[in-house]
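Chain by chain, the residues run as shown.
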Amino acid sequence: MTTDLTRRTAAELASSIASGEVSAVEVTQAHLDRIAKVDEKVHAFLHVDAEGALGAARAVDAKRAKGERLGPLAGVPLALKDLFTTRGLPTTCGSKILEGWLPPYDATVTRRLREADVVILGKSNMDEFAMGSSTENSAYGPTRNPWDLERIPGGSGGGSAAALASYESPLAIGTDTGGSIRQPGAVTGTVGVKPTYGGVSRYGMVAFSSSLDQGGPCARTVLDAALLHEVIAGHDPLDSTSIDAPVPGVVEAARAGVRDGIKGLRVGVVKQFAGEGYQAGVMQRFEESVALLRELGAEVVEVDCPSFDYALPAYYLIAPSECSSNLARFDAMRYGLRAGDDGNHSAEEVTALTREAGFGPEVKRRIMLGTYALSSGYYDAYYGQAQKVRTLITRDFDAAFGRVDVMVSPTTPTTAFKIGERADDPMAMYLADLCTIPTNLAGNAGMSLPCGLAPEDGLPVGLQILAPAMADDRLYRVGAALEAALLQQWGRPLLDAVPAL
Amino acid sequence: MSAITREEVAHLARLSRLALGEAELDHFAEQLDAIVGAVARVSELPTDDVPPTSHAQPLTNVFRADVVRPAGTPVLERAEVLAQAPAAEDDRFRVPRILGED
């Protein structure tokens, strides 16, 4: 194990803390020092809670001193996406409209992390209200990709992914409405999982598109993601869409993937996710990974999901429609920004002036697009039709999962693009989520894990694994097996190649 | 032909409670036109007998026991909530006038 605490995995840190080799306070301080040293360049965090983190770490050390049993991630630091409410700690969702807001309650994910003695270092940067694929839509400035500071770290959870890749934190929480965990994972060389819809509580996760939003774990290894998954997942009576069933055994699956391999597993390669728009180096690394899965004993077949070609347009009708309704809550009356309250303007005018001042361009675009799609006269052609396409996509998944155990594809068509390159070209930006969106529409589970560097630019490529609803454990079994095989080929973790900051 | 005009964007902005500026109206009209043109592709698929999906999971009503819970779980503390309001007065949210002058 390395002596640099920031380079260790979450599993290693937890065992070092439990054995008494290091204290939780030392681990937390090492990460706070790292943040102080490099976050000026990366900007992964919107708020660092040094005092709260050290307090939580001290509590872990006190528990250990008293001989109390520690949880599997006790004392391990984490970056929490700023979409989750934290009682008394700033929660902005990357928006000016919530600048300075101190939520009066904890999200269920926040509460579960605290109860598991995970140390929350602070709140990570994100595209405003999780709308974007580059973190450039944060009202507080973009996060930069540790692989190349001129490039985007993906989005919306770019802060969480960049915190991992810059060794500021071994764990992070993201949210995935159309790819916001998996696409940042892919372009930063980290692991990200979108659990089955309903697997992780949405209570206290500020809503963007309620039928698609799902929180999930981000980490540098598959096992670390599994350990975090089990901490945050499970039924929550405060979220009526939360699944009341046992959490799939993802930690055991990750261990089994390494131990027992994947011989006989049926893997489907999605026919639709290739061709025009896919970078050569992305396809090369993807195809090599598929060959490796075959070498490991998997049976690989092609699966045809024709309706996936319509997932992107369906998503950009459904998500904005739900967003236009969800974001109506920002009315300047009960919390957040208020503009134009001068005694003359009416409440309605104050609402419109506040939203104009407090929302950025992408949020405005999506609210208006959703308002349009839901308008009388357009509803059937747009929102209604998109909902039918959603049914067809689910049917394509059902048919495919009748033949295979998991499906694979590149996570995103290209490696990290330059900051500014697609910032004012919404349609180009939306293409980053081409391969991740179908999973959100069907509500099943997906993972991205690093599968190499593209030869033409030396930037990370992500492999996406998809599994049926509530079969999240399959992601971890396949992911861990592939991760181990790749590690053997490379001789070191991919992230070891990230430049010094 | 544009799918969406500048006048329509102005109307959408009103419905969306966004006091957009003139320059924004021009810019958004162009962008929304391109986006609406692209998403209209959903109509290419034959869906006559296909039921809509509003949600990935089949859902029925979910109820909870009618019991009082302590603050933060998830009952909120009134003082904590009002401290975060843009304006509060007499233990209530203070809001701008909601009725017109006439």
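You'll find chain B entered in an unreviewed UniProt entry as Aspartyl/glutamyl-tRNA(Asn/Gln) amidotransferase subunit C, with Actinospica durhamensis given as the organism. A UniProt comment under Subunit (unreviewed entry) is attached to chain B, and it reads "Heterotrimer of A, B and C subunits." In its Sequence similarities (unreviewed entry) section, the UniProt record describing chain B reads: "Belongs to the GatC family."

With an unreviewed UniProt entry as reference, chain A is termed Glutamyl-tRNA(Gln) amidotransferase subunit A, source organism Actinospica durhamensis. You can read under Sequence similarities (unreviewed entry) in the UniProt record for chain A the words "Belongs to the amidase family. GatA subfamily." The record in UniProt for chain A states the following under Function (unreviewed entry): "Allows the formation of correctly charged Gln-tRNA(Gln) through the transamidation of misacylated Glu-tRNA(Gln) in organisms which lack glutaminyl-tRNA synthetase. The reaction takes place in the presence of glutamine and ATP through an activated gamma-phospho-Glu-tRNA(Gln)."

(A) Representation of the environment of Ala79 of chain A in the model. Residues and elements named next belong to chain A. Inspection of the secondary structure assignment puts Ala79 in strand 2 (residues 77–81). The class for Ala79 is buried, based on a relative accessible area of 0%. Ignoring any residue separated from it by four or fewer positions in sequence, one finds Ala79 in contact with Phe45, Gly122, Ser124, Ser160, Ala163, Ser169, Leu171, Ala172 and Ile173.

(B) Geometry of the sheet that holds strand 1 (residues 45–48) of chain A. All names here are of chain A. Spatial strand order, 1-3-2-4-6-5-10-11-9-7-8: eleven strands in an open sheet with mixed pairing. Pairing within the sheet leaves two strands with one partner each, and these edge strands are strand 1 and strand 8 (299–303). Here the average twist between neighbouring strands, direction ignored, is 30°. In this sheet, strand 11 (residues 460–467) lies alongside strand 9 (residues 406–410) in antiparallel orientation, the contact comprising four bridges. Opposite Pro410, over in strand 11, you have Leu463 as the bridge partner.

(C) Main features of the pairing of strand 9 of chain A. Residues and elements named next belong to chain A. Among the five residues in strand 9, five count as buried, and that is most of the element. By the bridge criterion, three bridges tie strand 7 (residues 266–270) to strand 9 in an arrangement that is parallel. Its bridge partner being in strand 9, Val267 is matched across the sheet by Val406.

(D) View of the nonpolar core. All names here are of chain A. Judged by nonpolar contacts, the single largest core of 165 residues is most densely connected at Leu113, Phe129, Met407 and Tyr476. Residues in contact with Leu113, not counting those within four places in the same chain, are Leu78, Leu80, Val118, Ile120, Ile173, Leu228, Val231 and Ile232. In terms of nonpolar packing, the next biggest core, distinct from the first, is built from seven residues, Trp147, Tyr167, Leu495 and Val498 among them.

(E) Representation of the UniProt feature "domain: Amidase" (unreviewed entry) in chain A. Sequence positions flagged by UniProt for "domain: Amidase" (unreviewed entry) are, in local numbering, residues 26–475 of chain A. When the span residues 26–475 of chain A is considered, its composition is 39% helix and 14% strand, and the gap between its end C-alpha atoms is 33 Å.

(F) Geometry of a nonpolar patch on the surface. Residue and element names in this part refer to chain B. Together, Phe93, Val95, Ile98 and Leu99 make up an exposed nonpolar region whose accessible area comes to about 410 Å². Within the secondary structure, Ile98 is located in the segment after strand 2 (92–93). For Ile98, a relative accessible area of 67% translates into the label exposed.

(G) A look at the packing of helix 2 (residues 24–42) of chain A against helix 3 (residues 50–65) of chain A. All names here are of chain A. Where helix 2 contacts helix 3, the axes come no closer than 7 Å and their chain directions differ by 160°. When the axis of helix 2 is compared with that of helix 3, the two are roughly antiparallel. Here helix 2 and helix 3 pass one another in a crossing that is right-handed. Residues Ala24, Val25, Thr28, Gln29 and Leu32 of helix 2 form the contact with helix 3, whose participating residues are Ala50, Ala53, Leu54, Ala57, Arg58, Val60 and Asp61.

(H) Spotlight on the packing of helix 10 (residues 311–326) of chain A against helix 13 (residues 380–403) of chain A. Residues and elements named next belong to chain A. At a closest axis distance of 9 Å, the pairing of helix 10 and helix 13 adopts a crossing angle of 125°. With respect to each other, helix 10 and helix 13 are oriented oblique. The two elements helix 10 and helix 13 cross, and the hand of that crossing is left-handed. Here Ala311, Ala314, Leu317, Ile318, Ser321 and Glu322 of helix 10 lie close against helix 13, whose contacting residues are Tyr382, Tyr383, Ala386, Gln387, Val389, Arg390 and Ile393. Tallied by class, residues from the contact of helix 10 with helix 13 come to nine nonpolar, two polar and two charged.

(I) Structural context of the packing of aromatic side chains. Residues and elements named next belong to chain A. A full pass over the atoms with the stated rule returns 15 aromatic pairs over all chains. With centroids separated by 5.4 Å and ring planes inclined at 65°, the aromatic side chains of Tyr379 and Tyr383 adopt a geometry described as edge-to-face. When its relative accessible area of 34% is taken as the criterion, Tyr379 is described as partly exposed. Residue Tyr383 is classed as buried on the basis of its relative accessible area, which comes to 11%. Taken together, the aromatic side chains of Trp101, Phe129, Phe330, Tyr335 and Phe359 make up a single cluster linked through ring pairs. The ring of Tyr167 is capped by Arg7, whose NZ or CZ atom sits 3.9 Å from the centre of that ring.

Rules and cut-offs
Residues numbered from 1 in each chain as written. Chains lettered and ligands numbered in written order. Predicted model: local features only at pLDDT ≥ 70, side-chain atom pairs only at ≥ 80, totals over all residues. Heavy atoms only, no water. UniProt positions renumbered as here; feature names shortened; annotations may be inferred. Helix = DSSP H or I, 4+ residues; strand = E, 2+ residues; numbered from the N terminus. Buried < 20%, exposed > 50% of the residue type's maximum accessible area, 1.4 Å probe, protein only. Contact = heavy atoms within 4.5 Å. Pairing = 2+ DSSP bridges. Axes fitted to C-alpha atoms, helices over the stretch in contact; angles between N-to-C directions. Core = buried A, V, L, I, M, F, W, Y, C linked by side-chain atoms within 4.5 Å. Patch = residues over 30% accessible without salt bridge, like charges linked within 9 Å, V, L, I, M, F, W, Y side chains within 5 Å. Areas by Shrake-Rupley, 256 points an atom, 1.4 Å probe, with all protein chains shown as cover. Salt bridge = Lys/Arg side-chain N within 4 Å of Asp/Glu carboxyl O. Parallel < 35°, antiparallel > 145°, perpendicular 65-115°, else oblique. Left-handed = near helix turned anticlockwise from the far one by under 90°. Nonpolar A, V, L, I, M, F, W, Y, C, P; charged D, E, K, R; others polar. Phe/Tyr/Trp six-rings, centres within 6.5 Å; stacked < 30°, edge-to-face > 60°. Lys NZ or Arg CZ within 6 Å of the ring centre and 35° of its normal.

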